[in-house]
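# Structure assessment
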Amino acid sequence: MTIKVLDEKVISQIAAGEVVERPASVVKELLENALDAGSTQISIEIKNGGISLIRVSDDGTGIPEKETDIAFERHSTSKIDSLLDLQHISSLGFRGEALPSIAAVAQVQMSTYFSGEATGTCVSLDNGQLISHDFQSRSPGTTITVSNLFRKIPARLKFLKSENTEGSRISEIVSQYTLAFPEVRYNLISDGKTILRTPGSGKLLDSAIAVYGNETAQNMLEIKNIPESWIAQLIK
Ligand SMILES: Nc1ncnc2c1ncn2[C@@H]1O[C@H](COP(=O)(O)OP(=O)(O)OP(=O)(O)O)[C@@H](O)[C@H]1O
Ligand SMILES: [Mg+2]
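A quick note: this is a predicted structure, and the numbers were derived from the prediction, not measured.

## What to know about the site of ligand 1
The environment of ligand 1 is formed by 22 residues, the closest being T77, S78, K79, R95 and E97. Side-chain polar atom of T77 to an oxygen atom of ligand 1: 2.5 Å apart, as the coordinates give it. Contact distances for ligand 1 include 2.9 Å between an oxygen atom and a backbone N or O atom of F94. Protein coverage of the free-state accessible area of ligand 1, which is 590 Å², stands at 94%. For the shell around ligand 1, the elements supplying multiple residues, two or more each, are α2 (23-36) and α3 (98-104). Considering only residue class, the shell around ligand 1 consists of eight nonpolar, nine polar and five charged.

## A few points about the side chain of S39
Tracing the sequence through the fold places S39 in the loop between α2 and β1 (41-47). One polar contact links the side chain of S39 to the main-chain carbonyl oxygen of A34, over a distance of 2.7 Å. From its side chain, S39 meets the backbone nitrogen of G60 in a polar contact 3.3 Å long. Contact partners of S39, with chain neighbours within four places excluded, come to A34, D58, D59, G60 and V184.

## A short note on the packing of aromatic side chains
Evaluated as defined, the whole model comprises one aromatic pair. Geometrically, the ring pair formed by Y177 and F181 is stacked, given 6.4 Å between the ring centres and 10 degrees between the ring planes. On the accessibility criterion, Y177 (10% relative accessible area) is buried.

## Overview of the sheet that holds strand β8 (residues 193-197)
An order of β5-β4-β3-β6-β2-β1-β7-β8 is seen for the eight strands of this open sheet, with the pairing classed as mixed. Taken across any chain shown, the strands that pair with only one partner, and hence form the sheet edges, are β5 (129-136) and β8. Each neighbouring strand pair of the sheet contributes to a mean axis angle of 15 degrees, computed without reference to strand direction. Summarising the sheet, β1 and strand β7 (residues 185-190) pair through six bridges and their orientation is parallel. Considered in β7, the bridge of E45 is made with I189. Packing against the sheet, α2 makes contact with β1, β2 (53-58), β6 (141-147) and β7, and its axis sits at approximately 10 degrees to β2.

## Quick look at a nonpolar patch on the surface
On the surface, a nonpolar cluster with roughly 820 Å² of combined accessible area is contributed by L221, I223, I226, W230, I231, L234 and I235. Among the structural elements, I235 can be located in helix α8 (residues 228-235).

## Some thoughts on the nonpolar core
Ranked by size, the top nonpolar core spans 43 residues in total, and within it L30, L31, I42, I44, F72 and V146 carry the most contacts. Aside from chain neighbours lying at most four places away, what touches V146 is V26, L30, S52, L53, I54, I102, A106, Q107 and V108.

## Concerning the environment of T112
Here T112 lies in strand β3 (residues 107-113). Sequence-distant contacts of T112, defined by excluding residues within four places in its chain, comprise G62, I63, T68, G120, T121, R138, G141 and T142. A polar contact of 2.8 Å, which involves the side chain of T112, links it to the backbone nitrogen of I63. A polar side-chain atom of T112 sits 3.2 Å from the main-chain carbonyl oxygen of G141.

Thresholds applied
Residues numbered from 1 in each chain as written. Chains lettered and ligands numbered in written order. Predicted model: local features only at pLDDT ≥ 70, side-chain atom pairs only at ≥ 80, totals over all residues. Heavy atoms only, no water. Near = heavy atom within 4 Å. Polar contact = N/O pair within 3.5 Å; in protein donor to acceptor, adjacent residues only side chain to side chain. Areas by Shrake-Rupley, 256 points an atom, 1.4 Å probe, with all protein chains shown as cover. Helix = DSSP H or I, 4+ residues; strand = E, 2+ residues; numbered from the N terminus. Nonpolar A, V, L, I, M, F, W, Y, C, P; charged D, E, K, R; others polar. Contact = heavy atoms within 4.5 Å. Phe/Tyr/Trp six-rings, centres within 6.5 Å; stacked < 30°, edge-to-face > 60°. Buried < 20%, exposed > 50% of the residue type's maximum accessible area, 1.4 Å probe, protein only. Pairing = 2+ DSSP bridges. Axes fitted to C-alpha atoms, helices over the stretch in contact; angles between N-to-C directions. Patch = residues over 30% accessible without salt bridge, like charges linked within 9 Å, V, L, I, M, F, W, Y side chains within 5 Å. Salt bridge = Lys/Arg side-chain N within 4 Å of Asp/Glu carboxyl O. Core = buried A, V, L, I, M, F, W, Y, C linked by side-chain atoms within 4.5 Å.

Shown next as structure tokens:
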């Protein structure tokens, strides 16, 4: 075969594969975006292990109407500007790859409201194509719904495990973020049932109770002010 540059559609599908391996990767990316937007409450709803539906709603900053379409273009981000910024990243995301990657392999609907604007915006995309861009009133924040992940890519769909396994991976990811950011209130609903809920009190113990249960959490030992040399040893 001769060497040639691939067409844009193939390039974006390959790039999407690096970001979106399974439903839990979608949840991770949407959670990180919600956290970067300064949310205090994040609700995650999934159906069939996230394969048929993932919906993440937050009460963060929202996205200004004129930026809603560009948010789904590759390498578009509000989090860095220059090469120099790469040395001081304080956000969880910065590549400008997550939303376009998710949109390349699923149907996506986003509704968002940026405080101070006259109205909110709702955009829909189907496997990378912008389908609609409408005005919609809503409270400040963003809701992203991802439906039918990999439906048009049977090879990727076949690689997924059972709905239960995919759902457990989502639950694991959400649990990790509840422990890392206990000041945020989370609610994870799977097939209509709440499976994880945290109070957002800012206390790590409250998140640990929600994730591991009261008995296990109460038996945990809190270690404060760990010397950096210990951490270096643990990481080794
Ligand atoms: N929930 C959200 N609330 C507010 N803004 C958002 C939200 N999700 C996405 N955005 C905006 O859309 C942009 C693109 O999101 P995307 O996740 O693709 O890229 P990123 O977060 O900048 O980098 P990365 O690809 O590393 O996640 C973000 O930079 C941010 O400005
Ligand atoms: Mg992101």
